[in-house]
Amino acid sequence: MTGTGQGAQPNPYALQAEPIVPFAMAPKTNTLAIVSLVSSLVIGLVGIITGHLALGQIRARGEGGRGFALAGLVIGYISTAVFVILVALAVIFASALAAFLVTVGSNAGSSSSSSTSLPSGQLGAADFDGGYLEFGTGAVIIDEYIDPMCPFCAQFEQTNGALLLDGVERDFITLRLHSLTFLDSKSQGTNYSSRASAALTCQATLNPEQALDFLSALFANQPLEDTTGLSDAELIDLVPGAVSIADCVQNGEYQAWSRQNTEAALAGPIEGAEIEAVSGTPTVLVDGAQYRGSLTDQSEFSDFVASAF
């Protein structure tokens, strides 16, 4: 039977097409975010820099990897902080170690100096037990504390050296010369004051008659402070006298004795003196009384000495 004219009825068994839904694409992971995480495990600062760059790119591009970037930042900041702390601790430790080694070295040097056999008795013009070089036999005793690098000592020597030499030669005075080492630190590590004082002692033991001439030559050729001073060879070249002091100077004889005399002068007491100890150079005592006048006025110093007769 044909249709009645009514529309055809849908077939309930016919398949109906489903609407097409596009695939949901995951956002691309930002490359710098991965770099930040990886590098933070090795170099924290790199992780921090790349982490901040990654976050900026992720916001601008809508990319993924924000968690990687944040993890890189956290790890980077922590590792950088740990590194800074470790460096600070290393610096503190290195400073402490250096101070310890300097102390040990200083103590070792002091022990070495104290254990060195120092000379005793008398030899030439050197009175090793008294701690000075002695010239003349006069009744008035003049103690002169000098440092070979002291410019004021040079002024005093240039003004009064000839006067003192005349007093020694005429037996008016006994000159006791204390050559000290205050200014070793002013010779750029060469310990010029110790070397020059020791050279003067070498001369006093081997050529005592020319020792004061050598003292005058030392001050006439005095190096400036904060220079290396004269070399051993230059010191030896200044020496008058028949006996060479080269071996004595080159072997460093009497340097420890000169330093010991310096320590004794600083610590005191000074027997028979109106001062307890020496605090600088030049210090001149006439029968124990300290000369406090001009270093460049010979008349003033001469009068002071004359008052002791």
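Above this text sits the structure in question.
Topic: unusual backbone geometry
In this structure, proline 269 follows glycine 268 across a cis peptide bond, with omega equal to -5°. Within the secondary structure layout, proline 269 lies in the loop between helix H9 (255-267) and strand S6 (283-286). Residues threonine 281 and proline 282 are joined by a peptide bond in cis, for which omega reads 0°. Checked against the element boundaries, proline 282 lands in the loop between H9 and S6. In this model, glutamine 188 sits at a positive phi of 55°, which is unusual for a non-glycine residue. Assignment of secondary structure puts glutamine 188 in the loop between strand S5 (173-179) and helix H5 (192-206).

Concerning the side chain of serine 258
Note that serine 258 resides in helix H9. Serine 258 sits in the buried class, given a relative accessible area of 1%. Of note is the side chain of serine 258, whose polar atom sits 2.9 Å from the backbone oxygen of tyrosine 254. Every residue in contact with serine 258, bar those within four places of it in the chain, is listed here: Ser179, Thr181, Ser197, Ala198 and Thr201.

Notes on the pairing of S5
In terms of burial, S5 is a largely internal element, seven of the seven residues being buried. Residue alternation in S5 divides its side chains into two sets, Ile173, Leu175, Leu177 and Ser179 and Thr174, Arg176 and His178, and both sets are buried. Here strand S3 (residues 132-135) pairs with S5 via three bridges, running antiparallel. Bridge assignment links phenylalanine 135 to a residue of S5, and that residue is leucine 175. As a crossover connection, the stretch from strand S4 (residues 140-146) through helix H4 (residues 151-169) into S5 is right-handed.

Things to note about the layout of surface pockets
A volume near 440 Å³ is recorded for the largest pocket. Forming the walls of the largest pocket are 24 residues, and the residues nearest its centre are Gly130, Tyr132, Tyr145, His178 and Ile270. The element contributing the most residues to the lining of the largest pocket is H9, with four residues. Among the residues forming the lining of the largest pocket, the class breakdown is 11 nonpolar, eight polar and five charged. The calculated volume of the second largest pocket comes to roughly 230 Å³. Lining the second largest pocket are Ala125, Glu134, Phe135, Gly136, Leu165, Val168, Glu169, Pro208, Glu209, Ala211, Leu212 and Asp213. For the lining of the second largest pocket, the secondary structure elements donating two or more residues are S3, H4 and helix H6 (211-220).

Criteria and thresholds
- Along every chain, residues carry numbers that run from 1 in the direction the sequence is written.
- Residue-level local features of this predicted model are given only where pLDDT is at least 70; pairs of side-chain atoms are given and counted only at 80 or more, and the full residue set underlies all totals for whole chains, interfaces and linings.
- Only hydrogens and water are set aside when side-chain values are computed; all heavy atoms of the structure are taken into account.
- A run of DSSP states H or I qualifies as a helix once it reaches four residues; a run of E qualifies as a strand once it reaches two. Both are numbered from the N-terminal end.
- Exposed residues in this analysis have more than 50% of their type's maximum accessible area, buried residues have under 20%, and partly exposed residues fall in between, with area computed by a 1.4 Å probe over protein chains only.
- Nitrogen and oxygen atoms within 3.5 Å of one another constitute a polar contact, given that in protein one can donate a hydrogen and the other can accept it, and given that sequence-neighbouring residues count only through two side-chain atoms.
- By definition in these notes, contact holds between two residues if any of their heavy atoms fall within 4.5 Å.
- When DSSP finds two or more bridges between two strands, those strands count as paired.
- Orient the strands so they point away from the viewer, and a crossover whose first-strand-to-second-strand path over the helix runs clockwise is right-handed.
- The pocket and cavity definitions rest on a 1 Å grid over protein atoms only: a 1.4 Å probe that fits but cannot leave marks a cavity, an open set with protein on both sides within 12 Å along at least five of seven lines marks a pocket, and residues lining either have an atom within 4 Å of a point.
- Grid points are joined across faces, edges and corners, and a volume is the space filled by probe spheres set on the points.
- Residue classes follow a fixed rule: Ala, Val, Leu, Ile, Met, Phe, Trp, Tyr, Cys and Pro count as nonpolar, while Asp, Glu, Lys and Arg count as charged, and any other residue, Gly among them, counts as polar.

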